[in-house]
Amino acid sequence: MLASGFTAAPVSRCMFFGIIVSSILVSITDVKYLFYISVDPHLLQYKQLWRLLVWQTCYTNSTELLFAAMTIYNVRIIERLWGSRKFASFLTSILPPTLLLPPILTTILRPLTFGAFNHLPAGPTPLIFALLAQYHAAIPTVYKYRVITPDISNQAFSAGTVSGLVFSDKSLVYLLAGQLALSSFPGSALAAGIGWAIGAAWREEWGPSAWTRLRVPGWVVGQKKAEGGEGFEGLRRRLEGEGSGSGVDGGREGEVRRRSLGRGILDQFRGSF
């Protein structure tokens, strides 16, 4: 859990570098205008519905890219906690609602707010905040600290009545995510709020059972399917070895020691045939 880098987090690594590379390519090729969404005119006038599928591909702002990449790096611990397969399954299951709900709600809020909600910035902000909701619920706080002003009297300090701002080891992660949510207000804040709500709904199983129980194939994350006979045989041999070394089960230990040399060689190579 405390390993540095992207150790045991291949999906997070792909997401991290994928966002960086795609954002750089979009900036170099000067096609940023193809990825953000403006309800009017992109959806209402020009009917460019394809933007609903590509608007989370990259970021068009270097500041948003920086905060998003740092947030992904900090929440990579979720993949180590769950495993790569469940982590990839989570991203796959929440991708459709995070793609469609922000543009739909922006379209609904636009006439109600007299055009204030019209622009939806590019980038996977809803996905990141759905991950942040899992980070908030699953990762405990290790320590807390208080920031006080220097003009506090010694009497109040010794009495333990000092007031101030209380932070934790997770505060920096929330600060980075907050900067991302406010970078293109109000569209980015709406996308962040929807992403957090979707992540919380997935965790509490507030949707269809198929939504939360979806699992991608193991080969997607590089898992190899082991042969059943070989796995059980290896487990049996390890248990027998532990039993013979502990000395608790004397009868079992004597039986293992009385096995012939040919039986031992057969057990060693049984899983290979």
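Here goes a summary of the coordinates provided.

What counts, and where the lines are drawn
Residues numbered from 1 in each chain as written. Predicted model: local features only at pLDDT ≥ 70, side-chain atom pairs only at ≥ 80, totals over all residues. Heavy atoms only, no water. Axes fitted to C-alpha atoms, helices over the stretch in contact; angles between N-to-C directions. Helix = DSSP H or I, 4+ residues; strand = E, 2+ residues; numbered from the N terminus. Parallel < 35°, antiparallel > 145°, perpendicular 65-115°, else oblique. Left-handed = near helix turned anticlockwise from the far one by under 90°. Contact = heavy atoms within 4.5 Å. Salt bridge = Lys/Arg side-chain N within 4 Å of Asp/Glu carboxyl O. Buried < 20%, exposed > 50% of the residue type's maximum accessible area, 1.4 Å probe, protein only. Phe/Tyr/Trp six-rings, centres within 6.5 Å; stacked < 30°, edge-to-face > 60°.

Topic: the packing of helix α7 (residues 125-138) against helix α10 (residues 187-203)
- Across the interface, α7 lies against α10 with an axial gap of 7 Å and an inter-helix angle of 45 degrees. Looking at the two axes, α7 sits oblique to α10. Taken as a pair, α7 and α10 cross one another with a handedness that is right-handed. Contacts between α7 and α10 involve Thr125, Pro126, Phe129, Ala130, Leu132, Ala133, Gln134, His136, Ala137 and Ala138 on the former and, on the latter, Ser188, Ala191, Ala192, Gly195, Trp196, Gly199, Ala200, Trp202 and Arg203.

Side note on the pattern of salt bridges
- Under the counting rule described, the total for this entry stands at 1 salt bridge.
- Across the salt bridge formed by Arg110 and Asp40, the nearest N and O atoms sit 3.2 Å from each other. Here the residue Arg110 occupies a position in helix α6 (residues 84-112), and Asp40 occupies one in helix α2 (residues 39-43), the gap between them amounting to 70 residues.
- Looking at Asp40, the relative accessible area reads 26%, which means it is partly exposed.

Let's talk about the packing of aromatic side chains
- Taken as a whole and judged by the stated rule, the model has 10 aromatic pairs.
- For the pair Phe6 and Phe17, a centre-to-centre distance of 6.2 Å together with 55 degrees between the ring planes defines the contact as tilted. Of this pair, Phe6 sits in the segment before α1 (10-29) while Phe17 sits in helix α1, placing them 11 residues apart in sequence.
- Taking 5.4 Å as the distance between ring centres and 85 degrees as the angle between the ring planes, the aromatic pair formed by Phe6 and Tyr73 counts as edge-to-face. A residue pair is termed long-range when its members are at least 10 positions apart, and Phe6 in the segment before α1 and Tyr73 in helix α4 (residues 62-74) qualify at 67 residues.
- Given the relative accessible area of 13%, Phe6 is considered buried.

Re the side chain of Thr125
- Note that Thr125 resides in helix α7.
- Accessibility expressed as a relative area gives 7% for Thr125, which makes it buried.
- If we ignore the near neighbours within four places in the chain, the residues touching Thr125 are Tyr59, Leu180, Ser188, Ala191 and Ala192.

Some words on unusual backbone geometry
- A cis amide bond, omega 5 degrees, links Phe185 with the succeeding residue Pro186.
- Of note, Pro186 is situated in the loop between α9 (171-181) and α10.
- Although it is not a glycine, Ala8 adopts a positive phi angle of roughly 60 degrees.
- Here Ala8 shows up in the segment before α1.
- Given the relative accessible area of 53%, Ala8 is considered exposed.

Read these as spatial facts, not as claims about activity.
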